[in-house]
Amino acid sequence: MKRSLTAIAIAAGLLAGTPALVHAQQAPAAAGQAQGTPSRLVLDNTTRILGELESRRAEFGRDRSLLEAFVKREFDTMFDRDYAARQVLGRHARGADDADVKLFADALADNLLRRYGNSLLDFNTRLRVRIKTESALPRGLGVKVSSELLRQGGDPIPVDYLMRQSGGNWKVFDVQVEGVSFISTFRRQFDGELQNKSIRQVANELRAGRLQADAAID
């Protein structure tokens, strides 16, 4: 159950900065949830994106290329892939060529979307989301939108979204499920590869499918 929820959480998180659900449960209006805030963006994009997924479920099921195009378009709008990639690369990004970092960012994003994008058609419609808080990150890095996945017969699952201003818009750069950061998970996963290979080599292996980004939390 945890593994399937994790796959769904990252798929939706990459798209909309919010966990996977069909019905967003909005908390009472508060200062941190006003129009234009990251919390409001989380709720609005969830409703729009998942509403379209639900209405086009049969169409996407018949033609996965349409689903892939939809997922990629929304991902490119909402996710700060280059900044996230630098965080994943960590110390390996110091002094790295911008073109190599971008190559890695694109390869990582494409690998994740191939692996987890189809999970967007597997939503349990009994799942709901509750926005809990919106708080500032240290050193002015952005904000954290804290939420919970609500499910029947189980404890709520905490899912947090880290967002920052990029080009005048709020974008997601990390997703945390039960306190575990995907950036930290990927950083540990790729550190060994990057000790022995260049960023460009690792990016090419991701692109070719010889390496896989595994966001699952055991």
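Rules behind the numbers
Residues numbered from 1 in each chain as written. Predicted model: local features only at pLDDT ≥ 70, side-chain atom pairs only at ≥ 80, totals over all residues. Heavy atoms only, no water. Buried < 20%, exposed > 50% of the residue type's maximum accessible area, 1.4 Å probe, protein only. Helix = DSSP H or I, 4+ residues; strand = E, 2+ residues; numbered from the N terminus. Pairing = 2+ DSSP bridges. Arc of directions from axis to C-beta. Contact = heavy atoms within 4.5 Å. Phe/Tyr/Trp six-rings, centres within 6.5 Å; stacked < 30°, edge-to-face > 60°. Lys NZ or Arg CZ within 6 Å of the ring centre and 35° of its normal.

Student: Give a description of the pairing of strand S3 (residues 143-150) that names residues and reports values.
Tutor: Across the eight residues that make up S3, a large majority, seven, are buried. The pairing of S3 with strand S4 (residues 157-166) spans seven bridges and is antiparallel. Bridging from a neighbouring strand, serine 147 pairs with valine 159 of S4. Counted between consecutive antiparallel strands, the loop separating S3 from S4 contains six residues, among which glycine 153 sits at a positive phi close to 75 degrees.

Student: Explain the environment of glycine 90 to me, using residue names and the numbers behind them.
Tutor: Mapping glycine 90 onto the fold places it in the loop between helix H5 (81-89) and helix H6 (98-116). Overall, glycine 90 belongs to the partly exposed group, its relative accessible area being 23%.

Student: Mind laying out helix H8 (residues 199-208), listing which residues take part and the relevant values?
Tutor: If you check which residues of H8 are buried, you get Ile199, Val202, Ala203, Glu205 and Leu206. Seen along its axis, H8 keeps its buried residues to an arc of 165 degrees; they face one direction. On the buried face of H8, the contacting elements are H5, H6 and helix H7 (182-196). Looking one or two places after H8, you find glycine 209, whose phi comes out positive at around 85 degrees.

Student: Which residues make up the packing of aromatic side chains, and what values go with them?
Tutor: According to the stated counting rule, one finds four aromatic pairs in the structure shown. Plain terms: the ring middles of phenylalanine 104 and phenylalanine 190 are 5.8 Å apart, the flat faces sit at 90 degrees to each other, and that makes the pair edge-to-face. Of this pair, phenylalanine 104 sits in helix H6 while phenylalanine 190 sits in helix H7, placing them 86 residues apart in sequence. With respect to burial, phenylalanine 104 and phenylalanine 190 carry one shared label: buried. Lying across the ring of tyrosine 83, arginine 164 places its NZ or CZ 3.8 Å from the centre.

Student: Quick rundown of the pairing of strand S5 (residues 169-177)? Include the residues and the values.
Tutor: When you tally the buried positions in S5, you get seven out of nine residues, the bulk of the element. In the sheet, S4 pairs with S5 via eight bridges, with the strands oriented antiparallel. Among the inter-strand pairings, glutamine 165 is bridged to a residue of S5, identified as tryptophan 170. Here S4 hands over to S5 after two residues, with glycine 167 in that stretch at a positive phi of 65 degrees. Pairing geometry for S5 and strand S6 (residues 180-181), over two bridges, is antiparallel. Looking at the pairing, valine 177 lines up with valine 180 of S6. Counted along the chain from S5 to the antiparallel partner S6, the turn is two residues long, and its residue glutamate 178 has a positive phi close to 50 degrees.

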